Amino acid sequence: VEERSNKLLESLLACIRPEELMYGKLLGGLSVGLLMLLVWAGCAAVAAYATQGVIADLIRPALEPIASPGIILAIVYFFIAGYIGISVIFVAIGAMVDSMSEAQGYLMPVLLAILLPITFLLQAIIAGQDGLLVQILTWVPLWTPFAILARLGMGVETWVLLGSGLLLAISIVIELVFLGRLFRASLLATGQKPTLKRILERFTAKPE
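For every chain, the first residue of the written sequence is number 1, and numbering continues from 1 onward in sequence order. Given that this is a predicted model, residues contribute local features only at a pLDDT of at least 70 and side-chain atom pairs are listed and counted only at 80 or more, while totals for whole chains, interfaces and linings are drawn from all residues. Only hydrogens and water are set aside; all other atoms, that is, all heavy atoms of the structure, feed into the side-chain values.

Peer 1: Just checking my understanding: could you explain the overall build of the chain for this structure?
Peer 2: Working definition: helices are DSSP H or I runs of at least four residues, strands are E runs of at least two. Numbering for both runs from the N terminus. Counting its regular elements, the chain contains ten helices and zero strands. Listing each helix as α and each strand as β along the chain from the N terminus yields α-α-α-α-α-α-α-α-α-α. Dimensions of the chain, computed from C-alpha atoms along their principal axes, come out at roughly 55 × 40 × 30 Å. Note on classification: 1.4 Å probe, protein chains only; a residue is buried when its accessible area is under 20% of the maximum for its type, exposed when over 50%, partly exposed between these limits. Going through the 208 residues of the chain one by one, you find that 34% of them count as buried. For the chain, the accessible surface area stands at approximately 12200 Å², while carbon and sulfur atoms represent 73% of it. Across the chain, 13 positive and 14 negative side-chain charges occur, with their mean positions spaced 8 Å apart. Computed by Shrake-Rupley with a 1.4 Å probe, the accessible areas treat only the displayed protein chains as cover when residues are assessed. Charge assignment: positive for Lys and Arg, negative for Asp and Glu; neither His nor the chain ends contribute. Lys charges are placed at NZ, Arg charges at CZ, Asp charges at CG and Glu charges at CD.

Peer 1: Is there a simple way to explain the side chain of Ser 164 in this structure?
Peer 2: Tracing the sequence through the fold places Ser 164 in helix H9 (residues 158-186). By the criterion applied in these results, polar contacts are pairs of N or O atoms within 3.5 Å in which, for protein atoms, one can donate a hydrogen and the other can accept it, and in which residues neighboring in sequence qualify only through two side-chain atoms. A distance of 3.4 Å separates the side chain of Ser 164 from the backbone oxygen of Leu 161, its partner in a polar contact.

Peer 1: Whenever I open this one, the layout of surface pockets confuses me. Can you help?
Peer 2: Over the atoms a probe the size of a water molecule is rolled, and this reveals where empty space is left. As defined here, a cavity is a set of points on a 1 Å grid over the protein atoms alone where a 1.4 Å probe fits but cannot get out. A pocket is an open set with protein on both sides within 12 Å along at least five of seven lines, and residues line them when an atom is within 4 Å of a point. Grid points are joined across faces, edges and corners, and a volume is the space filled by probe spheres set on the points. Of the pockets and cavities examined, the second largest pocket occupies roughly 520 Å³. Breaking the lining of the second largest pocket down by element, the ones donating at least two residues are helix H1 (2-5), helix H3 (18-49), helix H5 (69-96) and helix H8 (144-151). By residue number, the principal contributor to the lining of the second largest pocket is H5, which donates ten residues. Gly is put with the polar residues, along with every residue not named as nonpolar or charged; the nonpolar set is Ala, Val, Leu, Ile, Met, Phe, Trp, Tyr, Cys and Pro, and the charged set is Asp, Glu, Lys and Arg. Grouping the constituent residues of the lining of the second largest pocket by class yields 16 nonpolar, three polar and four charged.

Peer 1: What is the right way to look at a nonpolar patch on the surface in this model?
Peer 2: For patch building, the residue pool is restricted to those with more than 30% relative accessible area and no salt bridge; the joining distance is 9 Å between like charges and 5 Å between nonpolar side chains (Val, Leu, Ile, Met, Phe, Trp, Tyr). By salt bridge we mean one thing: a side-chain nitrogen of Lys or Arg within 4 Å of a carboxyl oxygen of Asp or Glu. A grouping of Leu 166, Ile 170, Val 173, Ile 174, Val 177 and Phe 178 is seen on the molecular surface, where their side chains present a nonpolar patch of about 530 Å² in accessible area. Mapped onto the fold, Phe 178 is located in helix H9.

Peer 1: Whenever I open this one, the packing of H5 against H9 confuses me. Can you help?
Peer 2: The relative placement of two packed helices comes down to the angle between their axes together with the axis-to-axis distance. Throughout, an axis means a line fitted to C-alpha atoms (over the contacting stretch in the case of helices), and angles, computed between N-to-C directions, take values from 0 to 180 degrees. Two elements in contact, H5 and H9, have axes whose closest approach is 9 Å; the angle formed by their N-to-C orientations is 20°. With respect to H9, the element H5 is oriented roughly parallel. The way H5 lies across H9 gives a crossing that is left-handed. Only Leu 161, Ser 164, Gly 165, Leu 168, Ala 169, Ile 172, Glu 175, Leu 176, Leu 179, Leu 182, Phe 183 and Ser 186 of H9 make contact with H5, whose side of the interface consists of Ala 74, Tyr 77, Phe 78, Ala 81, Ile 84, Gly 85, Val 88, Ile 89, Val 91, Ala 92, Ala 95 and Met 96. Here the contact of H5 with H9 is built from residues that sort into 19 nonpolar, four polar and one charged. Angle categories are assigned with fixed cut-offs, so that under 35 degrees is roughly parallel, over 145 is roughly antiparallel, 65 to 115 is roughly perpendicular, and the rest are oblique. Helix crossings get a hand from a simple test, with the near helix turned counterclockwise from the far one by less than a right angle marking a left-handed crossing and a clockwise turn marking a right-handed one. The contact rule is simple, with two residues in contact once any of their heavy atoms fall within 4.5 Å.

Peer 1: Help me understand the nonpolar core in this model?
Peer 2: Here is a general trend for soluble globular proteins: nonpolar side chains tend to be buried in one another's company. With 41 residues, the main nonpolar core has Ile 148, Leu 152, Leu 161 and Phe 183 as its most contacted residues. Non-local contacts of Leu 152, meaning those with residues more than four positions away in its chain, are made with Ile 71, Ile 75 and Leu 161. We define a nonpolar core as any set of buried Ala, Val, Leu, Ile, Met, Phe, Trp, Tyr and Cys residues linked to one another through side-chain atoms lying within 4.5 Å.

Peer 1: Is there a simple way to think about the pattern of salt bridges in this case?
Peer 2: Any two side chains of opposite charge can pair, on the condition that their charged atoms come close. For the structure on display, the rule yields three salt bridges. A salt bridge links Arg 17 to Glu 20, with the shortest nitrogen-to-oxygen separation between them at 3.7 Å. Since its relative accessible area comes to 37%, Glu 20 is described here as partly exposed. With a closest N to O distance of 2.7 Å, Glu 19 and Arg 184 form a salt bridge. Of this pair, Glu 19 sits in helix H3 while Arg 184 sits in helix H9; the two residues are 165 residues apart in sequence, bridging distant segments of the chain. On the basis of relative accessible area, Arg 184 is assigned to the partly exposed category, the value being 23%. If you follow the salt bridges from partner to partner, you end up with Arg 17, Glu 19, Glu 20 and Arg 184 in one network.

This is the structure in structure tokens:
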């Protein structure tokens, strides 16, 4: 949004392709997210195994279910996939709007759509339930990473991990294709309100 408002996009696009700009932004955001995850994991490990006391006694049992290499691999995969899936939506919104206030207006319903079901999901999992809502959210790509990561401590069947992971990967590829078109077609469309008709036209726009 700042690049659009400061007229820097034209200079950037003279040096790189729109796809490179989009993937560069996604890679930068993912790097920050992975760094945060590593810091939290490192702090938890130090608090659990390098210290003594009440905090260590609370954290150590919580880390035991996720100590196996397979679980760690699943955490990394679903974290990365979820981060990319949501970041693409944010990047596409940023490419369509001309100001931060406009961006916040479009982000609010997206955030509500992401977070409201997760609230009920976490309440169900904390209560030790594995009901219909949890099962449904596990197989909806937008919420799959949250559902799987929340359920790992309770135990998840291998076929559920593999199936939901494959479905999530396919949905991200489709998302990158169509939101990539929206990103590319919206970059230089300053001053144009992103109406539903325009958004649909940009979804179907073929790369030149």
